[in-house]
Amino acid sequence: MTAPFIEENDQTLARREHLEALRQLVGNVYPNKFERSNVTDNPSGEDTITTIVTSFKRLEPQVPKGQKPSADLLEAANAELNEIHVRIAGRVAAPPRVMGKAAFVHLSDGCAR
């Protein structure tokens, strides 16, 4: 099977130039390896959805049932969370729920969702 013929036009030329500029900047434009973070100090060396959720549960403000956390508690938790960068891998397990400008998805890594 041969590759389909792609017509030479201004769009294909612009895309090739853009691809070449990216290659000059980063080298491999289509990397074939993704490295997960290990902010939870998981023994396997990689963060999973389960380890992230259990590790960050401690940052959830503790308030009596039916009450909202104070602004100070929320601000302190957000300040600590904003310093953490996490890289996890998974597949989108369900269609996104779009709410205004935000979209929520279920991410599955094969063990947890």
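Structural data are supplied above this passage.
Residues numbered from 1 in each chain as written. Predicted model: local features only at pLDDT ≥ 70, side-chain atom pairs only at ≥ 80, totals over all residues. Heavy atoms only, no water.

Chemist: Break down the overall build of the protein for me, with residues and values.
Modeler: Along the backbone of the protein there are three helices and four strands. Helices (α) and strands (β) of the protein occur, in sequence order from the N terminus, as α-α-α-β-β-β-β. In summary, the protein has a C-alpha radius of gyration of 21 Å against a globular reference of 13 Å for 113 residues, an excess of more than 25%. On the principal axes, the C-alpha backbone points of the protein span a range of 65 × 40 × 30 Å. Counting only residues that meet the buried cut, the protein has 13% of its 113 residues in that class. If you take every contact in the protein between residues at least 6 apart in sequence, the share linking residues at least 24 apart comes to 33%. (Helix = DSSP H or I, 4+ residues; strand = E, 2+ residues; numbered from the N terminus. Rg over C-alpha atoms; globule rule 2.2 N^0.38 Å. Buried < 20%, exposed > 50% of the residue type's maximum accessible area, 1.4 Å probe, protein only. Contact = heavy atoms within 4.5 Å.)

Chemist: Quick one: what's the story with the side chain of asparagine 42, residue by residue and with numbers?
Modeler: Structurally, the position occupied by asparagine 42 is in the loop between α1 (10-26) and α2 (49-56). When near neighbours in sequence (up to four residues on either side) are disregarded, asparagine 42 contacts Thr48 and Thr51.

Chemist: Can you lay out the pattern of salt bridges for me, pointing to particular residues and giving the numbers?
Modeler: Tallied over the entire structure, the rule returns three salt bridges. When the shortest N-O distance is used, the salt bridge between arginine 16 and glutamate 8 registers 2.5 Å. Classification of glutamate 8 as partly exposed rests on a relative accessible area of 46%. Residues lysine 57 and glutamate 60 are paired through a salt bridge, measuring 3.5 Å at the closest nitrogen-oxygen approach. (Salt bridge = Lys/Arg side-chain N within 4 Å of Asp/Glu carboxyl O.)

Chemist: I'd like to hear about a nonpolar patch on the surface, residue by residue, with values.
Modeler: Judged by side-chain polarity, Leu22, Leu25 and Val26 come together as a nonpolar surface patch covering roughly 300 Å² of accessible area. By the element assignment, leucine 22 lies in helix α1. Using a relative accessible area of 32% as the deciding quantity, one classes leucine 22 as partly exposed. (Patch = residues over 30% accessible without salt bridge, like charges linked within 9 Å, V, L, I, M, F, W, Y side chains within 5 Å. Areas by Shrake-Rupley, 256 points an atom, 1.4 Å probe, with all protein chains shown as cover.)

Chemist: Which residues make up the side chain of aspartate 47, and what values do they have?
Modeler: Relative to the elements of secondary structure, aspartate 47 occurs in the loop between α1 and α2. Summary of buried charges: aspartate 47 has no salt-bridge partner, and the nearest side chain of opposite charge, arginine 36, is 8.4 Å away. Within the structure, aspartate 47 has its side chain in polar contact with the side chain of threonine 40 (distance 2.6 Å). When neighbours within four sequence positions are excluded, aspartate 47 is seen to be in contact with Arg36, Ser37, Asn38, Val39, Thr40, Ile52, Val86 and Ile88. (Lys, Arg positive; Asp, Glu negative; His and termini not counted. Polar contact = N/O pair within 3.5 Å; in protein donor to acceptor, adjacent residues only side chain to side chain.)

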